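The chain contents come next:
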Amino acid sequence: QVQLVESGGGLVLPGGSLRLSCQASGRIFSIAAMGWYRQAPGKQRELVAAVSSVGTPTYADSAKGRFTISIDNAKKSVFLQMKSLKPEDTAVYYCNLGGKSTGTAPFSYYWGQGTLVTVSS
């Protein structure tokens, strides 16, 4: 079974920075893309950023200019560098992987358990 483990969340002051990491493990034949989503209390889960296996990134408008996503295919990891954090960035951040466990398996999406980011003074 594919597992995703996030790390790097925590409490940070407004204007501060955090770097989130996500490590995938288990049987992974191929990766199409990895990304970060977040969910604030009472809100829908939303895309923050995603990156294809060849490095093409996509950002939510709220993340543009402040966040940077990167992928390491060999290590099956994805990272999210966040700067100039705002209170509205407070949420549980979830790692996502889209890929296949074997060459003949269906394409699937996998999720981590999430890491909490709190931006507050």
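See the structure above.
A. How the structure looks around the pattern of salt bridges. Taken as a whole and assessed by the stated rule, the structure comprises 4 salt bridges. With a shortest N-O distance of 2.8 Å, Glu46 and Arg38 are connected by a salt bridge. Judged by relative accessible area, Glu46 falls into the partly exposed class, the value being 37%. A relative accessible area of 7% means that Arg38 is categorised as buried. Salt bridges linked by common partners bring Arg38, Glu46, Arg66 and Asp89 together as one network.

B. Quick peek at the pairing of strand E4 (residues 30–39). Across 9 bridges, E4 lies against strand E9 (residues 91–100) in antiparallel orientation. Across the sheet, Arg38 pairs through a bridge with Tyr93, a residue of E9. Linking two consecutive strands that pair antiparallel, namely E4 and strand E5 (residues 46–52), is a turn of 6 residues; a positive phi of about 75° is found at Gly42 within it.

C. Focus on the nonpolar core. In terms of nonpolar packing, the biggest core is built from 29 residues, with Met34, Trp36, Leu80, Met82 and Tyr93 touching the most fellow members. Every element with two or more residues in this core is listed here: strand E3 (18–25), E4, E5, strand E7 (67–72), strand E8 (77–82), E9 and strand E11 (115–119). The residues contacting Leu80, other than those within four sequence positions of it, are Leu18, Arg19, Leu20, Trp36, Val48, Ala49, Phe67, Thr68, Ile69 and Tyr93.

How each quantity is defined
- Per chain, the residues get numbers from 1 upward, laid out in the order the sequence is written.
- Two thresholds apply to this predicted model, a pLDDT of at least 70 for residue-level local features and 80 or more for giving and counting side-chain atom pairs, whereas whole-chain, interface and lining totals are computed over all residues.
- Side-chain figures throughout are based on the complete set of non-hydrogen atoms in the structure, without hydrogens or water.
- What makes a salt bridge here is a side-chain nitrogen of Lys or Arg within 4 Å of a carboxyl oxygen of Asp or Glu, nothing more.
- Each residue gets one of three labels from its accessible area relative to the maximum for its type: buried under 20%, exposed over 50%, partly exposed in between, using a 1.4 Å probe on protein chains only.
- Pairing between strands is defined by DSSP: at least two bridges between the two strands are required.
- A run of H or I in DSSP becomes a helix once it reaches four residues, and a run of E becomes a strand once it reaches two; helices and strands are each numbered from the N terminus.
- By convention a nonpolar core is built from buried Ala, Val, Leu, Ile, Met, Phe, Trp, Tyr and Cys residues, the set being connected through side-chain atoms within 4.5 Å.
- In this description, contact between two residues means that some pair of their heavy atoms is separated by no more than 4.5 Å.

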